[in-house]
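Fold and contact review
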Amino acid sequence: GSSSRSLHHASSLLRPKLLNHGKWLAEAALWTCWVHRGDLESTTNTTILALDAVQFATVTQRYYDSLTESVFYARAFCEALNTTHFPTDYLEFTVKRIAMRISETG
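Residues numbered from 1 in each chain as written. Predicted model: local features only at pLDDT ≥ 70, side-chain atom pairs only at ≥ 80, totals over all residues. Heavy atoms only, no water.

**Some details on the nonpolar core**
For soluble globular proteins, the rule of thumb is that nonpolar side chains tend to be buried together. The following threshold applies: Definition of nonpolar core: a set of buried residues of the types Ala, Val, Leu, Ile, Met, Phe, Trp, Tyr and Cys, connected through side-chain atoms within 4.5 Å. The buried label goes to any residue with under 20% of its type's maximum accessible area, the exposed label to any with over 50%, and the partly exposed label to all in between, with areas taken from a 1.4 Å probe on protein chains only. Strands here mean DSSP runs of E at least two residues long; helices mean DSSP runs of H or I at least four residues long; both are numbered from the N terminus.
Formed by A28, L30, W31, W34, A74, F77, C78, L81 and L91, the largest nonpolar core amounts to nine residues. For this core, the elements supplying multiple residues, two or more each, are helix 1 (28-31) and helix 3 (64-82). At four residues, the largest contribution of residues to this core is made by helix 3.

**Let's talk about the environment of A50**
Here A50 lies in the loop between strand 3 (39-42) and helix 2 (53-60). Exposure remark for A50: the relative accessible area of 70% places this residue in the exposed category. Residues A50 and A26, spaced 24 residues apart in sequence, show a C-alpha to C-alpha distance of 9.9 Å.

**Quick word on unusual backbone geometry**
Despite not being glycine, A26 has its phi angle at roughly 65°, a positive value. The class for A26 is buried, based on a relative accessible area of 18%.

**Here we look at the confidence of the model for the chain**
This is how it is decided: pLDDT gives the predictor's per-residue confidence on a scale running from 0 to 100. By definition in these notes, contact holds between two residues if any of their heavy atoms fall within 4.5 Å.
Of all residues in the chain, 75% attain a pLDDT of 70 or more, and the chain-wide mean is 77. The lowest-confidence element of the chain is strand 1 (residues 7-10), averaging 56 in pLDDT; the highest-confidence one is helix 2, averaging 94. Taken together, the stretch residues 1-5 has pLDDT below 50 and engages in 23 contacts with residues farther than four places along the chain or on a different chain. pLDDT under 50 marks residues 100-106. Its contacts with residues more than four places away, or in other chains, come to five contacts.

**What to know about the packing of aromatic side chains**
In plain terms, the rule: Aromatic contacts are taken between Phe, Tyr and Trp rings whose centres are within 6.5 Å, Trp giving its six-membered ring; a plane angle under 30 degrees counts as stacked, one over 60 as edge-to-face, and the others as tilted.
What the rule picks out here adds up to three aromatic pairs. Site record: aromatic cluster; members linked through ring pairs are W31, F56, Y73 and F77.

Next up, the structure:
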(Lines give C-alpha, C1' and ligand atoms only; values in the text may rest on other atoms or scores of the structure.)
Protein backbone atom coordinates (compact mmCIF):
# COMPACT_ATOMS: atom_id res chain seq x y z
CA GLY A 1 0.00 0.00 0.00
CA SER A 2 1.01 3.59 -0.33
CA SER A 3 0.27 6.65 1.77
CA SER A 4 1.41 9.22 -0.76
CA ARG A 5 0.06 10.83 -3.90
CA SER A 6 3.42 10.99 -5.56
CA LEU A 7 3.98 7.43 -6.74
CA HIS A 8 3.86 6.54 -10.41
CA HIS A 9 3.70 2.98 -11.71
CA ALA A 10 4.71 2.31 -15.29
CA SER A 11 4.35 -0.85 -17.33
CA SER A 12 5.75 -1.33 -20.81
CA LEU A 13 2.22 -2.01 -22.09
CA LEU A 14 0.33 0.86 -20.48
CA ARG A 15 0.75 4.55 -19.72
CA PRO A 16 2.08 5.42 -16.24
CA LYS A 17 -0.52 5.60 -13.46
CA LEU A 18 -0.54 7.92 -10.48
CA LEU A 19 -1.12 6.02 -7.25
CA ASN A 20 -3.35 7.98 -4.92
CA HIS A 21 -3.45 7.74 -1.15
CA GLY A 22 -4.76 4.39 0.08
CA LYS A 23 -4.14 2.48 -3.16
CA TRP A 24 -2.45 -0.92 -3.27
CA LEU A 25 0.42 -1.96 -5.46
CA ALA A 26 1.37 -5.59 -6.22
CA GLU A 27 -1.52 -6.91 -4.11
CA ALA A 28 -1.70 -9.94 -6.40
CA ALA A 29 1.43 -11.27 -4.65
CA LEU A 30 -0.75 -11.92 -1.58
CA TRP A 31 -3.35 -14.02 -3.40
CA THR A 32 -1.61 -15.83 -6.28
CA CYS A 33 1.79 -16.56 -7.81
CA TRP A 34 2.84 -13.20 -9.18
CA VAL A 35 5.71 -11.68 -11.15
CA HIS A 36 5.95 -7.92 -10.73
CA ARG A 37 5.25 -5.94 -13.89
CA GLY A 38 6.52 -2.43 -14.38
CA ASP A 39 8.53 0.09 -12.43
CA LEU A 40 7.67 2.25 -9.46
CA GLU A 41 8.96 5.81 -9.27
CA SER A 42 8.45 8.47 -6.63
CA THR A 43 8.58 12.17 -7.44
CA THR A 44 8.54 13.26 -3.75
CA ASN A 45 9.14 11.76 -0.31
CA THR A 46 6.89 8.74 -0.03
CA THR A 47 5.91 6.19 2.58
CA ILE A 48 5.37 2.60 1.49
CA LEU A 49 4.10 -0.27 3.59
CA ALA A 50 5.55 -3.64 2.59
CA LEU A 51 3.78 -6.81 3.65
CA ASP A 52 5.53 -10.19 3.51
CA ALA A 53 3.13 -12.54 1.67
CA VAL A 54 4.34 -15.70 3.42
CA GLN A 55 4.08 -14.19 6.90
CA PHE A 56 0.68 -12.74 6.02
CA ALA A 57 -0.58 -16.20 5.00
CA THR A 58 0.90 -17.81 8.12
CA VAL A 59 -0.80 -15.37 10.48
CA THR A 60 -4.09 -15.37 8.55
CA GLN A 61 -4.33 -19.16 8.73
CA ARG A 62 -4.17 -19.11 12.53
CA TYR A 63 -7.56 -17.42 12.88
CA TYR A 64 -10.73 -18.90 11.43
CA ASP A 65 -12.51 -15.58 10.76
CA SER A 66 -9.52 -13.98 9.06
CA LEU A 67 -8.94 -17.13 7.02
CA THR A 68 -12.54 -17.30 5.74
CA GLU A 69 -12.55 -13.57 4.89
CA SER A 70 -9.19 -13.91 3.14
CA VAL A 71 -10.34 -16.91 1.09
CA PHE A 72 -13.49 -15.04 0.02
CA TYR A 73 -11.49 -11.97 -0.96
CA ALA A 74 -8.72 -13.96 -2.69
CA ARG A 75 -11.24 -15.78 -4.87
CA ALA A 76 -12.89 -12.52 -5.91
CA PHE A 77 -9.51 -10.87 -6.49
CA CYS A 78 -8.25 -13.73 -8.69
CA GLU A 79 -11.52 -13.75 -10.63
CA ALA A 80 -11.09 -10.05 -11.37
CA LEU A 81 -7.41 -10.54 -12.19
CA ASN A 82 -8.25 -13.30 -14.66
CA THR A 83 -10.63 -11.00 -16.56
CA THR A 84 -8.06 -8.20 -16.88
CA HIS A 85 -6.65 -7.83 -20.39
CA PHE A 86 -3.33 -6.30 -19.29
CA PRO A 87 -2.68 -7.22 -15.65
CA THR A 88 -0.20 -4.93 -13.92
CA ASP A 89 0.93 -4.43 -10.34
CA TYR A 90 -1.74 -1.74 -10.04
CA LEU A 91 -5.27 -3.11 -10.34
CA GLU A 92 -8.45 -1.24 -9.53
CA PHE A 93 -11.64 -3.10 -8.69
CA THR A 94 -14.05 -3.49 -5.80
CA VAL A 95 -14.98 -6.72 -4.08
CA LYS A 96 -18.58 -6.62 -2.95
CA ARG A 97 -19.09 -8.17 0.45
CA ILE A 98 -21.87 -10.74 0.52
CA ALA A 99 -23.10 -11.85 3.91
CA MET A 100 -21.91 -15.38 4.48
CA ARG A 101 -23.59 -17.74 6.88
CA ILE A 102 -21.84 -20.82 8.03
CA SER A 103 -24.11 -23.44 9.49
CA GLU A 104 -22.80 -25.95 11.93
CA THR A 105 -24.37 -29.36 12.24
CA GLY A 106 -24.17 -31.62 15.19
